Amino acid sequence: MAQSVWGYDSDNGPERWHENYPLAKGDKQSPIEINSKDVQHDSSLSAWHASYDPGAAKTILNNGRTCRVVFDDTFDRSVLRGGPLSGAYRLRQLHLHWGSCDQHGSEHVIDGVKYAAELHMVHWNPKHGNFAGALKQPDGVAVVGIFLKVSKIENIKTKGKEAPFLHFDPSILFPKSRDYWTYHGSFTTPPCEECITWILLREPIEVSSDQMAKLRSLSKNSENEPVSPLVDNWRPPQPLKGRIVRASFK
Ligand SMILES: NS(=O)(=O)c1ccc(NCc2ccco2)c([N+](=O)[O-])c1
Ligand SMILES: [Zn+2]
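Since the structure is predicted, the reported quantities are computational estimates derived from the model, not experimental observations. (Residues numbered from 1 in each chain as written. Chains lettered and ligands numbered in written order. Predicted model: local features only at pLDDT ≥ 70, side-chain atom pairs only at ≥ 80, totals over all residues. Heavy atoms only, no water.)

**Describing the overall build of the protein**
Our working definition: Every helix listed is a DSSP run of H or I at least four residues long, and every strand listed is a run of E at least two residues long, numbered separately from the N terminus. Between the two quantities, the radius of gyration covers C-alpha atoms and the globule rule is 2.2 Å times the number of residues to the power 0.38. Working definition: with a 1.4 Å probe on protein chains only, accessible area under 20% of the residue-type maximum means buried, over 50% means exposed, and in between means partly exposed.
Tallying secondary structure elements over the protein gives two helices and 14 strands in all. Compactness check: the protein gives a C-alpha radius of gyration of 18 Å against a globular reference of 18 Å for 250 residues, within 12% of the reference. For the C-alpha atoms alone, the extent of the protein along its principal axes is close to 50 × 50 × 40 Å. Split into buried and exposed, the 250 residues of the protein put 47% on the buried side.

Listed below in structure tokens is the structure:
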């Protein structure tokens, strides 16, 4: 029987990815568990800056593994600079990882805390020509990770219109604080290339339980296949292998 493509089930999940994607057993894999006591404050770390063009947003899609918004990255239209990065990295896509319940869903774990979901904003370094080239470079990709926690307040349904996704400025998703952790890691899904400078924002953003319910209402099956809920699309923390996690804050 053909090897089933990778996923998050017991027969094709994170424990078996290495069978087809050997990089999954590398020494710089993501996500990781961050323990504040082991983090090193680095006062030389500067602030990161995003300048995004809302017109760059193109499509939103369910690819059976996540919900992804894709941006025009054919030129420096929406870029991230500063922080641990040198040069401007182009925003290519954003997507999420979430759980079947509010108690888990994030990929990175902070002092034992799992958040309900984790948003990834993926940027690549145009000095490597294109995204495929950037994947092969240790400074090829930068992902901003933002934790989502479910707000206590009851979500009061408003009559507001659905905003068209075409004019979408993802910087509205940033929390107030710019504090971040940074470390060198990998894609958290196959092929698991170790090309990512992770910038994890310390302050989570709040979402309503209705918004979480919308994410959990997505299905990983295609149309006219048996319904299979798209939930728990997160990889557990991987070995740190001596890597240092730096903090922009004390
Ligand atoms: N969870 S993540 O931000 O680390 C992540 C994982 C995989 C991929 N892509 C999978 C891939 C890489 C090369 C070919 O296909 C991306 N991405 O492409 O932004 C991001
Ligand atoms: Zn991701």
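**Concerning the side chain of T197**
In plain terms, the rule: In this description, contact between two residues means that some pair of their heavy atoms is separated by no more than 4.5 Å.
The residue T197 is located in strand β12 (residues 196–201) in this model. By relative accessible area, T197 is classed as buried at 12%. In contact with T197, not counting residues within four places along its chain, are P84, L85, P138, V141, A142, V143, T182, Y183 and H184.

**So, the pairing of strand β9 (residues 117–124)**
The test is simple: For two strands to pair, DSSP has to find at least two bridges joining them.
Across the eight residues that make up β9, a large majority, eight, are buried. Relative to β9, strand β7 (residues 89–98) runs antiparallel, the two sharing eight bridges. Paired with Q93 across the bridge in β9 is V122. Judged from the eight bridges that link them, β9 and strand β10 (residues 141–150) form a sheet pairing that is antiparallel. Bridging from a neighbouring strand, M121 pairs with V144 of β10.

**What to know about the coordination of the zinc ion (ligand 2)**
Worth spelling out the cut-off: Donors, by definition, are the N, O and S atoms found within 2.8 Å of a metal, the threshold being 3.2 Å for Na, K and Ca, and water is not counted, so a site can look incomplete. Under this scheme a four-donor centre is tetrahedral when all angles range from 85 to 135 degrees, a four-donor centre is square planar and a six-donor centre octahedral when opposite donors are above 155 degrees with the rest from 65 to 115, and any other centre is irregular.
Within the protein, the atoms that donate to the zinc ion (ligand 2) are H95 (NE2), H97 (NE2) and H120 (ND1), at distances of 2.0 Å. One can describe the site at the zinc ion (ligand 2) as tetrahedral: its four donor atoms subtend angles covering 102 to 115 degrees at the metal. Donor residues for the zinc ion (ligand 2) sit on one chain with the sequence pattern H-x1-H-x22-H. Within this pair, whereas H97 is found in strand β7, its partner H120 is found in strand β9, the two being separated by 23 residues in sequence. The exposure class assigned to H97 is buried, which follows from its relative accessible area of 3%.

**A short note on the pattern of salt bridges**
Here is the rule we go by: By definition here, a salt bridge exists when the distance from a side-chain nitrogen of Lys or Arg to a carboxyl oxygen of Asp or Glu is within 4 Å.
One pass over the structure, following the stated rule, counts 15 salt bridges. Note that D9 and K220 form a salt bridge whose closest N and O atoms lie 3.0 Å from each other. Linking D9 in the segment before β1 (33–34) with K220 in the loop between α2 (209–216) and β14 (246–247), this pair joins segments that are 211 residues apart in sequence. Using a relative accessible area of 36% as the deciding quantity, one classes D9 as partly exposed. Residue K127 pairs with D139 through a salt bridge whose shortest N-O separation is 3.0 Å. Placement of the pair is K127 in the loop between β9 and α1 (131–134) and D139 in the loop between α1 and β10, with a sequence separation of 12 residues. Taking relative accessible area as the criterion, D139 reaches 23% and is therefore assigned partly exposed.

**Examining the site of ligand 1**
Applied cut-off: The rule for a residue being near a molecule or strand is that one of its heavy atoms must lie within 4 Å of it. Nitrogen and oxygen atoms within 3.5 Å of one another constitute a polar contact, given that in protein one can donate a hydrogen and the other can accept it, and given that sequence-neighbouring residues count only through two side-chain atoms. Note on areas: Shrake-Rupley, 1.4 Å probe, and residue coverage restricted to the protein chains presented here.
Taken together, 14 residues lie around ligand 1, and Q93, H95, V122, T188 and T189 are the ones closest in. The contact in question runs from a nitrogen atom of ligand 1 to an N or O atom on the side chain of H97, over 3.2 Å. The separation between a nitrogen atom of ligand 1 and a polar side-chain atom of H120 is 3.4 Å. Burial of ligand 1 by the surrounding chains reaches 82%, relative to a free accessible area of 460 Å².

**Considering the confidence of the model for the protein**
How we decide: The predictor rates its confidence in each residue with pLDDT, a number between 0 and 100.
This prediction gives the protein a mean pLDDT of 93; 94% of its residues lie at or above 70. In this model residues 155–164 is a low-confidence stretch, pLDDT under 50, and it forms three contacts with partners more than four residues away in sequence or in other chains. What the predictor reports for the complex is a pTM of 0.93 with an ipTM of 0.96.

**Focus: the state of the cysteines**
Our working definition: The term disulfide is used for any two cysteine sulfur atoms that are within 2.5 Å.
Under the counting rule described, the total for this entry stands at zero disulfides. Not engaged in a disulfide, the cysteine C101 finds its nearest cysteine sulfur in C67; these two sulfurs lie 19 Å apart.

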